[in-house]
Every structure is written in structure tokens, then in C-alpha cells.
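# An overview of the molecular structure
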Amino acid sequence: MYQAENENKIRIEAEEATKGLKYFCPCCGKEVILKQGDVVTWHFAHKSNKECDNWYSMSKWHEEWQKKFDKKYREVVIERDGEKHRADVKIDHLVFEFQHSNISAKEFKKRTDFYSKDGYIIWLFDVRGADIRKEYKGYRWYHYYKFIDDNTFEELENIFIFLQIEDNKIYEPRRGTTKFSKGKIYTKNGFIQRAREIYNIKNVLDKDYRDIKLKDCILKHHNFKGVEISNVIFETTDFYKADFSNCILKNCVFTTSKFEYADFKRCKIINCSFYWND
């Protein structure tokens, strides 16, 4: 781990820690050892050399991605029903999991359920050099299921999957099918910007519905009942069985969105544009 707590419960980075002082694991509370060698990145380790959180792993790749975020958001301990795990990065309701090694579908689902219970989770898989590419009739697919060892998943809600396919190339597969195609490519900086958009999805939906653009959302069964939504652009959004009853929609734009079984009873629509895609 790259962070530990001192005797005053203050988080300290291994790079800023002082040898001879006591430090403790934020997850299990046991004393850890400060490792400041010349070969491996400075870090903390349990005295038993056994990690208390079997979901947690360290690599240079993890470190590089974590350092793109303020240290207060890194290695955040989350506890649910007595179970504790350290998220690679957690910003309010949004968790980032950087997955460098292979992972089974069962483990993927278990971690996703844990981390996305009250928010969104972004998975970034390091698939550089992995055989996950297939071409057919001019189209190219990146099969995320080859990396996580299964090709059957329930529809992904509150989950966003990205694949790092090259050093500065991040691929976001198109949602809605196990064989993703025609996805989007981002640079590392572009990926961070996309993450900001995802953060805003729930941030806005929990607080306000005004003057924002939401992109690539799954808002199935979402309850908009009785609220006012104004000056919002919803792009590529799935509103399956969403409840807009007694809602006021004003100056909104809905592009390439799906509204199957959405409820618009007694909804007042003022100067809105709809581009249906059912």
C-alpha cells in the first residue's frame, strides 16, 4: 500500500513517511512496515507480508494511475456490512478500479456489486499486449469478456468499462452488448475528462436538473416524478421505464435516447427536442 496512518490517524504517503515512526494499515488497523528501498517504489507492507485486503494489489501501472488523482482520493477504505476493501480511487460516489491482472467473472461481479452499491464504478483494465482484438468485415471489436473470463453479463448499470489498449490509448466499448463494437478511443487525459462527465451524471441527478449535459447514461427506472428539468441535454441515454409523471421538461434536448415504457403521464413539456431511438 502507498498510504498508511500514523499514531494520530493521519494518512501519510510512503514517500513522505519517516523511518522509525509507527504506521498502521487503514483497513485492518495493524502495524505496517515502511519500505523505502532503491529498487521498488516506496510503500508500506504488513509485517506478515500478507495483504489484509485480497482485492488490493500494487503495480507500477496502479501507481501511475493513482497519482493522477489527489492523494486524499487514493486507497479509500469502504466498509459495508462488516466487510472492508480499499478502492484504488474514490471521489464521493464514484469509484475507480484499475485492474492489471486477470479476473474471473464471479470476482468482477462481486467487486462491482460492493463498490457500485451507492454510486458508480469505473473499471479500467490493462489489456496492453492481450489477445482481445478481432476484426470482422471491416469492424473491430475489443472483447472485454475475454479479459474477465466470461461472455454473459446482466446489463451494466452504474458501471463503466474502459480498456487500456496502448500506453496512451483508452477504449470505451459501446454499451448494451457483450461483443462491444464501434466504441470510443481516448488519450489518458481524455479518459480523465470522460470520468468527469460520469462523475457529473450522479452528482447532478442527486442534486439538480439544470444547465448540464449528461452523456452515455443508463437511467432505467429512474424517478423524475414531480421535478423540474430545464436546459439539460441528454445524449445517448436509456430511460427504460423511467418515471417522468407530473414532471416539467423545459428547454431540454434528448438525442439518440431510448424511452421504452417511460411514463410521461401529466408531464408538461415546454420547448423540448426529442430524437427517438427505440
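Here's what I pulled together on the structure shown here. These figures come from a predicted structure and were not determined experimentally.

In this structure, Glu75 takes a positive phi of about 50° despite not being glycine. As for its placement among the helices and strands, Glu75 is situated in strand E6 (residues 74-80). With a phi close to 55°, Asp92 is a non-glycine residue in the positive phi region. Residue placement: Asp92 occurs in the loop between strand E7 (83-91) and strand E8 (94-99).

The next subject is the environment of Asp118. When you line up the elements, Asp118 lands in the loop between helix H2 (105-115) and strand E9 (120-126). Along the sequence, Asp118 and His93 sit 25 residues apart, while their C-alpha atoms lie 6.7 Å from each other.

Inspection of the entire model under this criterion finds twelve salt bridges. Across the pair Lys67 and Glu63 runs a salt bridge whose closest N-O atoms are separated by 3.1 Å. A residue is classified by how much of its surface remains accessible, and Lys67, at 40% relative accessible area, is partly exposed. Classification of Glu63 as buried rests on a relative accessible area of 5%. For Asp126, the salt bridge goes to Arg128, with nearest N and O atoms at 2.7 Å. Asp126 gets classed as buried once you look at its relative accessible area, which sits at 7%. You can call Arg128 partly exposed: its relative accessible area is 34%. Connected via shared salt-bridge partners are Glu15, Lys60, Glu63 and Lys67.

The tally for this structure, following the rule as stated, stands at 29 aromatic pairs. Here the aromatic rings of Trp61 and Phe98 are separated by 6.2 Å at their centres, their planes lie at 90°, and the arrangement is edge-to-face. In this pair, Trp61 sits in helix H1 (residues 60-66) while Phe98 sits in strand E8, placing the two residues 37 residues apart along the sequence. Here Phe254 and Phe259 contribute two aromatic rings whose centre-to-centre distance is 5.6 Å and whose plane-to-plane angle is 65°, an arrangement assigned as edge-to-face. The same class applies to Phe254 and to Phe259, which are both buried. Counting every residue linked through ring pairs, the aromatic cluster contains Trp61, Trp65, Phe69, Phe96, Phe98, Phe162, Tyr186 and Phe191. One Lys or Arg, Lys68, reaches over the ring of Trp65 and ends 5.6 Å from the middle of that ring. When the ring centre of Trp65 is taken as origin, the NZ or CZ atom of Lys188, which lies over that ring, is 6.0 Å away.

Conventions adopted
Residues numbered from 1 in each chain as written. Predicted model: local features only at pLDDT ≥ 70, side-chain atom pairs only at ≥ 80, totals over all residues. Heavy atoms only, no water. Helix = DSSP H or I, 4+ residues; strand = E, 2+ residues; numbered from the N terminus. Salt bridge = Lys/Arg side-chain N within 4 Å of Asp/Glu carboxyl O. Buried < 20%, exposed > 50% of the residue type's maximum accessible area, 1.4 Å probe, protein only. Phe/Tyr/Trp six-rings, centres within 6.5 Å; stacked < 30°, edge-to-face > 60°. Lys NZ or Arg CZ within 6 Å of the ring centre and 35° of its normal.

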